Amino acid sequence: VVGSGPPKPSDKVGTARWMAHTFTYGSLATTSTRSQGSIVGDAFGNPYSFADVGGVPYFFASDLDASMIDLFTASDANTSASFALSEAQLKGDGEIAACKIGTGFNDPENPPCGRVVFSGQMQKITANTKEEKDALAALTSRHPSFSQYEGLGFYVVKMIVS
């Protein structure tokens, strides 16, 4: 069970679960299939909102997005991706001192500033299934603006973590 605050740094699995459950966005990395605004074969990072449902990261996406082109629609699409989160994202009351730039060794690169990278295969979720409805409910709860995207060609994607 995920608590309200971060677990002890020695609890790596717990920290990864807490981050996935607590954070609302991260950086999605794909292998670029595009020569416009990128170089084919290079890593391509894109900020992406997500919601954790039972330990599975779900995303709300469109085929117009560069990452989804790399993953699904390009002739040489590759569904492999990585998704990175960092405790440096936390601000206000949740801010982690070890991640705050400015004093001592504190910096997002400081080892006590937790980070996790999930890697796996991205998969579009079949429309009108229980999985899609559950994921969409979690996504719109975390990201209310997503409810306005109906009819704009968005769909739910999940990462099957390796």
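Residues numbered from 1 in each chain as written. Predicted model: local features only at pLDDT ≥ 70, side-chain atom pairs only at ≥ 80, totals over all residues. Heavy atoms only, no water.

Caption draft 1: Spatial organisation of the pattern of salt bridges. Under the criterion given, the structure shown has four salt bridges. The partner of Arg34 in a salt bridge is Asp70, with the nearest N and O atoms 2.9 Å apart. Here Asp70 lies in helix α2 (residues 66-73) and Arg34 lies in the loop between β1 (25-31) and β2 (43-49), a separation of 36 residues in the sequence. Taken as a pair, Arg34 and Asp70 share a single burial class, namely buried. (Salt bridge = Lys/Arg side-chain N within 4 Å of Asp/Glu carboxyl O. Helix = DSSP H or I, 4+ residues; strand = E, 2+ residues; numbered from the N terminus. Buried < 20%, exposed > 50% of the residue type's maximum accessible area, 1.4 Å probe, protein only.)

Caption draft 2: Region of the structure containing the pairing of strand β7 (residues 154-161). Summarising the sheet, strand β4 (residues 56-62) and β7 pair through five bridges and their orientation is antiparallel. From the neighbouring strand, Phe59 faces β7, where its bridge partner is Val157. Sheet topology places strand β6 (residues 115-124) next to β7; five bridges connect them, and they run antiparallel. Bridge assignment links Gln121 to a residue of β7, and that residue is Ile160. (Pairing = 2+ DSSP bridges.)

Caption draft 3: Structural view of the nonpolar core. Ranked by internal contacts, the top residues of the largest apolar core, which has 27 residues, are Leu28, Phe59, Met68, Phe83, Leu85 and Met122. At the level of secondary structure, the elements contributing two or more residues to this core comprise α1 (12-22), β4, α2, β5 (80-86), β6 and β7. If one sorts the elements of this core by residue count, α1 sits on top with four residues. Residues Ala51, Tyr58, Ala135 and Ala138 belong to the second largest nonpolar core, which totals nine residues. (Core = buried A, V, L, I, M, F, W, Y, C linked by side-chain atoms within 4.5 Å.)

Caption draft 4: Fine view of α2. Turning to α2, its buried residues are Ala66, Ser67, Met68, Asp70 and Leu71. Those residues of α2 that are buried lie in contact with β1, β2, β4, β5, β6 and β7. The residue sitting at the N-terminus of α2 and contributing the capping side-chain oxygen is Asp65; that oxygen lies 2.9 Å from the backbone nitrogen of Ser67. (Contact = heavy atoms within 4.5 Å. Polar contact = N/O pair within 3.5 Å; in protein donor to acceptor, adjacent residues only side chain to side chain.)

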